[in-house]
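Observations on chain architecture
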Amino acid sequence: MNKTKNPKQVQIGIVGLGMAGSIMIPVIEAHPEVVLAGAAEPSEEFRHRFAKDFECPVTETLEELVRLPELDAVYIATPHQMHCDHVLMAARHGKHVIVEKPMALKAEDCEEMIRACEEAAVAIVVGHTHGFGAPVAAIREMVASGRFGALRMLQSFNYTNFLYRPRRPEELDSNLGGGILFNQVPHQIEIIRTIAGGDKVTSVTAVTGKYDTDRNTEGAVMAMLDLSGGASATIVYSGYDHFDSDEFHGWIGEGGNTKEPAQGQTRAQLAQMREQSDEADMRNQLFGYGSKLWPQIQAMARATDHPHFGTLIVSCEGGDLRSAPGGIAIYSDSGPEFEELPQARAGGGRAEVLDELCDAVLRGKQPFHDGYFGRDTLEVCLGIQRAAQSGKQISLDAKFGANRQTGRLAHV
Ligand SMILES: NC(=O)c1ccc[n+]([C@@H]2O[C@H](COP(=O)([O-])OP(=O)(O)OC[C@H]3O[C@@H](n4cnc5c(N)ncnc54)[C@H](O)[C@@H]3O)[C@@H](O)[C@H]2O)c1
């Protein structure tokens with residue numbers, strides 16, 4: 001429920017009460033420095049359910065929400081293609097912003113969003129979530145400490161059922177930001193770049209796969225990235241609901257939730273559901289605020305295992321580091337060892353996203369995952385797409401625009 005206004009807290013409104021917006025709600029409620037202060041959502045049904053649960057205002061449009069004077073910030077969890085307009089509107093009304101990944105679908109839009117936030121002197125955090133998790137932070141610290149020598153290789157692979165979860169039409173259209181390239185791969189890029197201290201990607205080679213003509217968008221990718229600091233990385237992703245790489249992570253799901261093996265079942269369920277109703281409607285019925293899967297969504301947001309995004313192995317000259325259930329597995333010259341992480345915070349990285357917003361709004365700290373970080377991550381997604389289409393190595397150096405004034409951040 002809404003808490004009393006306190007200058008040491010950030011009053012936040014949620015824009016879009018779909019899956020991402022809904023998962024964030026319990027995380028906001030559990031955060032000591034953030035207060036749920038409103039929501040905007042076109043679906044009357046979701047608004048009605050939200051209004052029954054919370055005393056704060058819920059509006060049909062973002063225009064109405066950003067006019068609320070008590071609001072300090074908004075969390076933009078609307079479909080990708082709306083992120084740019086929604087950030088511009090929030091900035092115009094002086095609201096700080098968390099925007100979901102991908103930051104936008106065009107680099108020029110990212111530039112406009114950065115400019116608008118700078119002109120309005122509001123913070124922008126691109127809240128990809130997975131790069132914020134404790135295992136990624138712990139590996140980053142180990143790398144930055146120099147304990148294992150220079151960073152050389154990073155490998156991120158993830159096999160999921162992504163393509164067979166019910167989707168909105170644009171999520172299956174590559175020209176509109178559909179498929180895994182703009183929805184899932186940003187997580188891998190951001191994990192890699194966070195561990196490499198914010199390094200840019202200088203070149204990309206890639207192949208992508210569209211293996212199902214019925215869902216004719218990229219469902220698989222294999223990419224190799226060169227990083228500005230000298231390390232290289234590979235990204236492999238398959239969303240075809242065959243192998244599930246959570247098997248390699250003790251059947252802990254990406255949000256830190258325990259799960260039952262169910263390979264192949266999402267495809268079968270989708271086929272069955274599609275016989276009964278429209279896929280986009282089905283998506284809303286399953287994932288929107290208060291919908292059928294709401295108890296599971298809440299449970300995921302409260303999961304207390306650490307989040308992960310498939311298998312992550314980071315190689316330094318003196319050892320390999322692997323994100324594992326409960327901590328980091330280390331394989332160095334002195335043999336294998338295991339460093340346990342403290343108890344995970346619930347929310348699969350979302351509590352840390354809110355921390356980064358609070359650090360910016362309450363303590364004036366430049367966010368690490370700011371607009372420049374989000375833009376550069378999008379440039380890599382676009383680079384992977386071009387590399388796969390051309391079959392050539394794509395250089396990204398010239399593609400990156402201006403840097404943030406402060407350069408690399410002090411805490412990384
Ligand atoms: N970080 C993560 O782990 C994560 C997880 C899921 C989704 N996402 C991101 O969140 C965004 C939303 O994805 P989703 O899966 O929640 O989609 P969704 O379809 O479940 O939810 C989107 C919601 O936005 C609402 N909406 C549409 N137009 C709006 C408007 N003009 N103003 C306010 N609300 C509006 C829709 O009615 C819907 O309820 C995407 O960009 C996606 O990439 C991130």
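Below you will find a few notes about this structure. (Residues numbered from 1 in each chain as written. Predicted model: local features only at pLDDT ≥ 70, side-chain atom pairs only at ≥ 80, totals over all residues. Heavy atoms only, no water.)

On to the site of the ligand. Near the ligand lie 26 residues; those nearest to it are Ala20, Glu41, Lys101, Arg168 and Arg283. Within the backbone of Lys101, one N or O atom sits 2.7 Å away from an oxygen atom of the ligand. The side chain of Arg283 places a nitrogen or oxygen atom 2.6 Å from an oxygen atom of the ligand. Bound to the protein, the ligand loses 88% of the 840 Å² it would expose on its own. (Near = heavy atom within 4 Å. Polar contact = N/O pair within 3.5 Å; in protein donor to acceptor, adjacent residues only side chain to side chain. Areas by Shrake-Rupley, 256 points an atom, 1.4 Å probe, with all protein chains shown as cover.)

Right, let's get into the environment of His80. One can find His80 in the loop between strand 4 (73–76) and helix 4 (83–92). Between the alpha carbons of His80 and Ile313 there is a distance of 29 Å; along the sequence they are 233 residues apart. Those residues in contact with His80 that lie beyond four places of it in its chain are Lys101, Pro102, Leu105, Gly177, Phe182 and Asn183. (Helix = DSSP H or I, 4+ residues; strand = E, 2+ residues; numbered from the N terminus. Contact = heavy atoms within 4.5 Å.)

What follows is about the packing of helix 9 (residues 265–276) against helix 10 (residues 279–287). At a minimum axis separation of 9 Å, helix 9 and helix 10 run at an interaxial angle of 110 degrees. The pairing of helix 9 with helix 10 is recorded here as roughly perpendicular in orientation. For the element pair helix 9 and helix 10, the recorded crossing hand is right-handed. Across the interface between the two elements, Leu270, Met273 and Arg274 from helix 9 touch Glu279, Met282 and Leu286 from helix 10. In terms of residue class, the contact of helix 9 with helix 10 is made up of four nonpolar, no polar and two charged. (Axes fitted to C-alpha atoms, helices over the stretch in contact; angles between N-to-C directions. Parallel < 35°, antiparallel > 145°, perpendicular 65-115°, else oblique. Left-handed = near helix turned anticlockwise from the far one by under 90°. Nonpolar A, V, L, I, M, F, W, Y, C, P; charged D, E, K, R; others polar.)

The next point concerns the packing of aromatic side chains. Evaluated as defined, the whole model comprises twelve aromatic pairs. Aromatic side chains Phe50 and Phe54 sit 4.7 Å apart centroid to centroid with 35 degrees between the ring planes, which places their arrangement in the tilted category. Residue class for Phe50 comes out buried when judged on its relative accessible area of 0%. On the accessibility criterion, Phe54 (8% relative accessible area) is buried. Centroid distance Phe157 to Tyr159: 6.2 Å. Interplanar angle 80 degrees. Geometry classified as edge-to-face. You can call Tyr159 partly exposed: its relative accessible area is 28%. The ring centre of Phe162 lies 3.9 Å from the NZ or CZ of Arg167, which sits over that ring. (Phe/Tyr/Trp six-rings, centres within 6.5 Å; stacked < 30°, edge-to-face > 60°. Buried < 20%, exposed > 50% of the residue type's maximum accessible area, 1.4 Å probe, protein only. Lys NZ or Arg CZ within 6 Å of the ring centre and 35° of its normal.)

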